[in-house]
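Take a look at the letters that make up each chain.
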Amino acid sequence: MMDKDSYYLEMALNEAEQSLEENTYPIGAVIVDEIFNLISKGRNRVHPQQDATAHAEIDAIRSAGQAILNAKVNREKFTIYTSLEPCPMCTGGILFANIKKVVWMINDDLGFGGYRKIKDANVFDDRFSEVVLIEEPFEDLKKKQINLMERWSINSNNIVNLRKAVNE
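Residues numbered from 1 in each chain as written. Predicted model: local features only at pLDDT ≥ 70, side-chain atom pairs only at ≥ 80, totals over all residues. Heavy atoms only, no water.

### Comments concerning the pattern of salt bridges
Consideration 1: Scanning all chains against the criterion turns up ten salt bridges.
Consideration 2: For E15, the salt bridge is made with R43, and the minimal N-O distance between the two is 3.0 Å. Taken as a pair, E15 in helix α1 (residues 2-21) and R43 in strand β2 (residues 38-43) lie far apart in primary sequence, 28 residues in all.
Consideration 3: E15 sits in the buried class, given a relative accessible area of 6%.
Consideration 4: Across the pair R45 and D59 runs a salt bridge, and its minimum N-O distance is 2.8 Å. Taken together, the residues R45 in the loop between β2 and α2 (46-49) and D59 in helix α3 (residues 56-64) connect sequence positions 14 residues apart.
Consideration 5: A relative accessible area of 21% means that R45 is categorised as partly exposed.
Consideration 6: For D59, a relative accessible area of 12% puts it in the buried group.
Consideration 7: Through salt bridges with shared partners, a single ionic network connects E85, D109, R116 and E135. (Salt bridge = Lys/Arg side-chain N within 4 Å of Asp/Glu carboxyl O. Helix = DSSP H or I, 4+ residues; strand = E, 2+ residues; numbered from the N terminus. Buried < 20%, exposed > 50% of the residue type's maximum accessible area, 1.4 Å probe, protein only.)

### Thoughts on the packing of aromatic side chains
Consideration 1: Under the defined criterion, the tally for this structure stands at six aromatic pairs.
Consideration 2: With a centroid separation of 4.9 Å and 85 degrees between ring planes, the pair formed by Y7 and Y8 is classed as edge-to-face.
Consideration 3: The exposure class of Y7 is partly exposed, given its relative accessible area of 49%.
Consideration 4: On the numbers, 6.2 Å between centres and 85 degrees between planes, the contact of Y25 with W152 is edge-to-face. A residue pair is termed long-range when its members are at least 10 positions apart, and Y25 in the loop between α1 and β1 (28-32) and W152 in helix α8 (residues 139-154) qualify at 127 residues. (Phe/Tyr/Trp six-rings, centres within 6.5 Å; stacked < 30°, edge-to-face > 60°.)

### A few points about α8
Consideration 1: Its 16 residues give α8 an end-to-end C-alpha distance of 23 Å, which sits within 8% of 22 Å, the value for a rise of 1.5 Å per residue.
Consideration 2: Residues of α8 that are buried include every one of L141, K142, Q145, L148, M149 and W152, and no others. Considered in projection along α8, the buried side chains sweep an arc of 120 degrees and stay on one side of the axis. Across α8 from its buried face, at more than 90 degrees, point the exposed residues K143 and I154. (Expected span 1.5 Å × (residues − 1). Arc of directions from axis to C-beta.)

### A few points about the side chain of D33
Consideration 1: Mapping D33 onto the fold places it in the loop between β1 and β2.
Consideration 2: Put simply, D33 is tucked away with no salt bridge, and the nearest opposite charge, on K4, sits 9.6 Å away.
Consideration 3: Here the side chain of D33 touches N37 through a polar contact of 2.8 Å, landing on its backbone nitrogen.
Consideration 4: Look past the residues within four positions of D33 in its chain and what remains in contact with it is I39, K77 and F78. (Lys, Arg positive; Asp, Glu negative; His and termini not counted. Polar contact = N/O pair within 3.5 Å; in protein donor to acceptor, adjacent residues only side chain to side chain. Contact = heavy atoms within 4.5 Å.)

What follows is the structure, given as structure tokens:
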């Protein structure tokens, strides 16, 4: 099982790398079904799409389309693999999409990481109790994601893009 987790986290990392190449925050996500069939991929597209809601997890959920709705009816269990702990918006999207397992590369203690905070607030206990959580399972992948985020932070384009977005 863990080798499949590593495989799909690496796929999410590839999506994160594409985000960085598109001059946006490097986050990637992948959704699979119970037998590890790829359902969808997503990446942060906030700056390219000029859409503050175009986060990687939301992009993957949107790309999954009808499969997400069918999974709920058919009681299928989907897993989302993401390169960073989901923010509050993405956490809500994951819960509403009825995804039953969440695996991420690194915790987001300094940014907008919200999954653990919302879970710990005991506000959606019935939903969270149905979701398996695996955080930071692979040190090598964690380091790769941290490297992407460091590359983003020193990229002068992100400052220009953020200033443009604020001024528009």
